[in-house]
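# Secondary and tertiary structure notes
Letter by letter, the chains look like this.
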Amino acid sequence: WGDDDLGYMWGVIGRLYLPVAMRHHQVRVEGGYQKKESGDLYGVAQSGYQYRYLYSDFVSFPRGYSKRMNDELASIRLNYNMPLINPDWTVGSLLYLKRLRMNLFYDYSRGEFTRQYANQNPDRQTFDCSSLGAEWMSESHFFQFLIPLELGYRFVYMPNEKSTAHELLLNINFYRYVGR
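None of these values were measured; they are calculated from a predicted model.

## Some details on the side chain of E135
Relative to the elements of secondary structure, E135 occurs in strand 8 (residues 123–142). In terms of polar contacts, E135 uses its side chain to reach the side chain of R63, at 3.4 Å. Among residues more than four places away in sequence, those in contact with E135 are R63, R101, M102, N103, F105, Y153, R154 and L169.

In structure tokens form, the structure reads like this:
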């Protein structure tokens, strides 16, 4: 398999569902921590930055952010999911709109990354990312297809950057069809 040291990674992820007084509402708390150790050197940039093997993340970054290089990452995600309406609308055999729902969220991550340059001391950087926002999702069936398709929109506010992001969401959930 070769002699390359690809480094290592370990971590833990947990999810907790909390009871809510209203039917079909849900509070979900997710948290995770990961630690990575970089592996062998595989290149050097003109600036002297040393490229090393490093595993990708399995702990989620806050919604709206692009992933950042990190050696250590801790994350927490709070979600409040609620139904809006269950219209049961049909447009012939083209569309069946089953339900509309909303999710309010807050995400926070704290990470550290060590940049290594040739002939210099390592540069340890720490970063904090947080976001909050809302997601609106519709669960639909198109062309009488049995597996539901979820289409949605996400609005994200990132207070550290004082900026917003808009994202379109698409989810196909094959699990909901299994066993029916």
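## Comments concerning a nonpolar patch on the surface
On the surface, a nonpolar cluster with roughly 630 Å² of combined accessible area is contributed by L84, I85, W89, W136, Y153 and L168. The topology assignment puts Y153 in strand 9 (residues 149–158).

## Thoughts on the pattern of salt bridges
Per the stated rule, a full pass over the model turns up 16 salt bridges. The salt bridge involving E112 is made with R124; its shortest N-O contact spans 2.4 Å. Of this pair, E112 sits in strand 7 (residues 95–115) while R124 sits in strand 8, placing them 12 residues apart in sequence. Given a relative accessible area of 41%, R124 falls into the partly exposed group. One network of salt bridges, with partners in common, ties together R63, R77, D107, E135, R154 and E167.

## What about the packing of aromatic side chains?
Taken as a whole, this structure holds six aromatic pairs when the rule is applied. Between W10 and Y33, the aromatic rings sit 5.6 Å apart at their centres with planes inclined by 55°, giving tilted as the arrangement. Of this pair, W10 sits in strand 1 (residues 8–18) while Y33 is found in strand 2 (residues 26–37), placing the two residues 23 residues apart along the sequence. On the basis of relative accessible area, Y33 is assigned to the partly exposed category, the value being 24%. Centre to centre, the rings of F61 and F127 are 6.2 Å apart; their planes meet at 10°, and the pair counts as stacked. Residue F61 is found in the loop between strand 4 (50–52) and strand 5 (72–85), and its partner F127 is found in strand 8; the two are separated by 66 residues along the sequence. Comparing F61 with F127, the two get one shared label, buried. Of the aromatic side chains, those joined through ring pairs into one cluster are Y42, Y49, Y51 and Y53. Its end group placed over the ring of F105, R63 keeps NZ or CZ at 4.0 Å from the ring centre.

## Comments concerning the pairing of strand 3 (residues 41–44)
Relative to strand 4, strand 3 is paired through three bridges, and the arrangement is antiparallel. Bridge pairing links V44 to Q50 in strand 4. Joining the antiparallel neighbours strand 3 and strand 4 is a turn of five residues, in which G48 adopts a positive phi near 100°.

## Some thoughts on the environment of S131
In this structure, S131 sits in strand 8. The sequence separation of S131 and L78 amounts to 53 residues, and the corresponding C-alpha distance is 11 Å. Only 2.9 Å separates the side chain of S131 from the backbone oxygen of R63, close enough to count as a polar contact.

Rules used in this analysis
Think of each chain on its own: its residues are numbered from 1, step by step along the sequence as written. Local features in this predicted model are restricted to residues of pLDDT 70 or higher, and side-chain atom pairs are both shown and tallied only at a pLDDT of 80 or more, whereas totals for entire chains, interfaces and linings draw on every residue. Side-chain measures were taken over the full set of non-hydrogen atoms in the model, leaving aside hydrogen atoms and water. Numbering goes from the N terminus for both helices and strands, where a helix is a DSSP run of H or I of at least four residues and a strand is a run of E of at least two. Think of a polar contact as two N or O atoms within 3.5 Å of one another; within protein, one of them needs to be a possible hydrogen donor and the other a possible acceptor, and neighboring residues in sequence only count if both atoms come from side chains. The contact criterion used is simple: two residues touch if any of their non-hydrogen atoms lie within 4.5 Å. Patches here: salt-bridge-free residues with over 30% relative accessible area, like charges joined within 9 Å, nonpolar side chains (Val, Leu, Ile, Met, Phe, Trp, Tyr) joined within 5 Å. Only the protein chains shown count as cover for residues, and the accessible areas themselves come from Shrake-Rupley with a 1.4 Å probe. Salt bridges are counted wherever a side-chain nitrogen of Lys or Arg sits within 4 Å of a carboxyl oxygen of Asp or Glu. Only protein chains enter the accessibility calculation, which uses a 1.4 Å probe; a residue whose area is less than 20% of its type maximum is buried, one above 50% is exposed, and one in between is partly exposed. Under the pairing criterion, centres of Phe, Tyr and Trp rings, with the six-membered ring standing for Trp, must be within 6.5 Å; the plane angle then separates stacked pairs below 30 degrees from edge-to-face pairs above 60, leaving the rest tilted. By definition, being over a ring means that NZ of Lys or CZ of Arg is both within 6 Å of the ring centre and within 35 degrees of the ring normal. By this definition, two strands are paired if DSSP reports at least two bridges between them.

These results come straight from atomic positions and should not be treated as a statement about function.
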